[in-house]
Amino acid sequence: MIVVIKKDKDPKQVDSLINWIKGLGLGVHVSEGENSTVLGLIGDTSKVDIGLVRTLDIVESVTRVQEPYKNANRKFHPADTVIDVGGHKFGGGSFQIIAGPCSVESERQIIEVAQAVKRAGATILRGGAFKPRTSPYAFQGLGVDGLKLLKKAKQETGMPIISEIMSEEHIDDFEGVDILQVGARNMQNFDLLKRLGRLKTPVLLKRGLAATIEEWLMSAEYIMSEGNPNVILCERGIRTYETYTRNTLDISAIPILKERTHLPVIVDPSHASGLSRLVPPLSLASVGAGADGLMIEVHNDPVHALCDGAQSLRPDQFDGMVKAIDMMLPAVGKHRDDK
Ligand code: PEP
Ligand code: MN
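Since this is a predicted model, take the numbers as computed values, not measurements.

Rules behind the numbers
- Residues numbered from 1 in each chain as written.
- Chains lettered and ligands numbered in written order.
- Predicted model: local features only at pLDDT ≥ 70, side-chain atom pairs only at ≥ 80, totals over all residues.
- Heavy atoms only, no water.
- Donors = N, O, S within 2.8 Å, 3.2 Å for Na, K, Ca; no water.
- Helix = DSSP H or I, 4+ residues; strand = E, 2+ residues; numbered from the N terminus.
- Buried < 20%, exposed > 50% of the residue type's maximum accessible area, 1.4 Å probe, protein only.
- Salt bridge = Lys/Arg side-chain N within 4 Å of Asp/Glu carboxyl O.
- Near = heavy atom within 4 Å.
- Polar contact = N/O pair within 3.5 Å; in protein donor to acceptor, adjacent residues only side chain to side chain.
- Areas by Shrake-Rupley, 256 points an atom, 1.4 Å probe, with all protein chains shown as cover.
- Nonpolar A, V, L, I, M, F, W, Y, C, P; charged D, E, K, R; others polar.

Visitor: How would you sum up the coordination of the manganese ion (ligand 2)? Please name residues and give values.
Guide: Coordination angles at a metal have ideal targets, namely 109.5 degrees for four tetrahedral donors and 90 or 180 degrees for six octahedral donors. For the manganese ion (ligand 2), the protein coordination sphere consists of Cys 102 (SG), His 271 (NE2), Glu 297 (OE) and Asp 308 (OD), at 2.0 to 2.4 Å. Of note, the donors binding the manganese ion (ligand 2) are all from one chain and are spaced C-x168-H-x25-E-x10-D. Remark: Asp 308 occurs in the loop between strand S14 (293–297) and helix H10 (315–328) and Glu 297 occurs in strand S14; sequence separation between them is 11 residues. Each of the two residues, Glu 297 as well as Asp 308, counts as buried.

Visitor: Tell me about the pattern of salt bridges, and name the residues and values.
Guide: As a working rule, side chains carrying opposite charge can pair if their charged atoms are close by. Scanning all chains against the criterion turns up 19 salt bridges. As a salt-bridge pair, Lys 206 and Asp 268 come within 2.6 Å of each other at their nearest N and O atoms. Placement of Lys 206 in strand S11 (residues 203–206) and of Asp 268 in the loop between strand S13 (265–267) and helix H8 (269–273) is noted, with a sequence separation of 62 residues between them. Taking relative accessible area as the criterion, Asp 268 reaches 1% and is therefore assigned buried. Each of Glu 67, Lys 75 and Arg 260 takes part in salt bridges that share partners, so that together they form one network.

Visitor: Any chance you could break down the site of ligand 1 for me, citing the residues and the numbers?
Guide: Taken together, Arg 126, Lys 131, Pro 132, Glu 164, Gln 181, Gly 183, Ala 184, Arg 185, Lys 206, Arg 236 and His 271 are the residues near ligand 1. Between ligand 1 and Arg 185 there is a distance of 2.9 Å, counted from an oxygen atom to a side-chain nitrogen or oxygen. Arg 236 is positioned with one of its side-chain polar atoms (N or O) 2.6 Å from an oxygen atom of ligand 1. Here ligand 1 loses 97% of its free accessible area of 300 Å² to cover by the protein chains. Class assignment for the residues of the shell around ligand 1 results in 2 nonpolar, 3 polar and 6 charged.

Here's what the structure looks like:
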């Protein structure tokens, strides 16, 4: 962190700032220029309140040169983190496709969709049981019963499963769920993140609706700093002024994240666009941008889906899309489990 002191400031005030910084356990490198004094803070500045330093009246400007996230930072962990979910690897060149309905609706629905997506090449099954809906009058998911049906589909197909956890209260019900999804609306539910940090189960952390990449990485930091290193990031579109799509897929977040963090990064083009016909092109764009996987909503009868039918692919459409992805993966140096 670099602190520039305003011109002609009382050296006593500068000294007291330096002492305060040293009191935080940091070293200070002072360079006295003709026009200004610059303090270079040495050590772990992640605990320094940058806003507070900025408001001091002897301070001209403050610049962070070190990111406030450590565990998630590629600088301190150059190699890709590889997360193994039932033998399927995320990161390090492996590419995974998670697919399934927005919500578990019935035993027949989840098992039919599971078998279809598995046949098409998906490796992990998704299915929401607790749904974060904008309206309290909309379908809220089948809750614990939905999780039971999802686990049944896991048994029938052998696919690992992922489902969204909205509250710490439900943690015991998620026993047997292979990846815990934290949804966009809960990206900054810090109590939930800390609780999941005390587990070892992989967490899929979605980007918040209006979160910056740094805020998102700080949320990953909440999980990792409690001891759980198994975090997968999922870009799912952010809210912009655009109305033709449900959200705006931030494609540039993928290569930026690949530079900044060693964590695997996947993309959910279904929630990003809200339109099933956009899912194949956005999926291919995500592969091109360097994603480590995709999460796709697939429904056996999208017109009658209880949630997110408009953005759900039919199994035959999903199958065609996976074939296109498989053609593209070698071009970006990625491979699927069996390829
Ligand atoms: C979901 O994946 O079902 C979901 C609700 O997504 P998001 O949190 O990205 O809106
Ligand atoms: Mn959905």
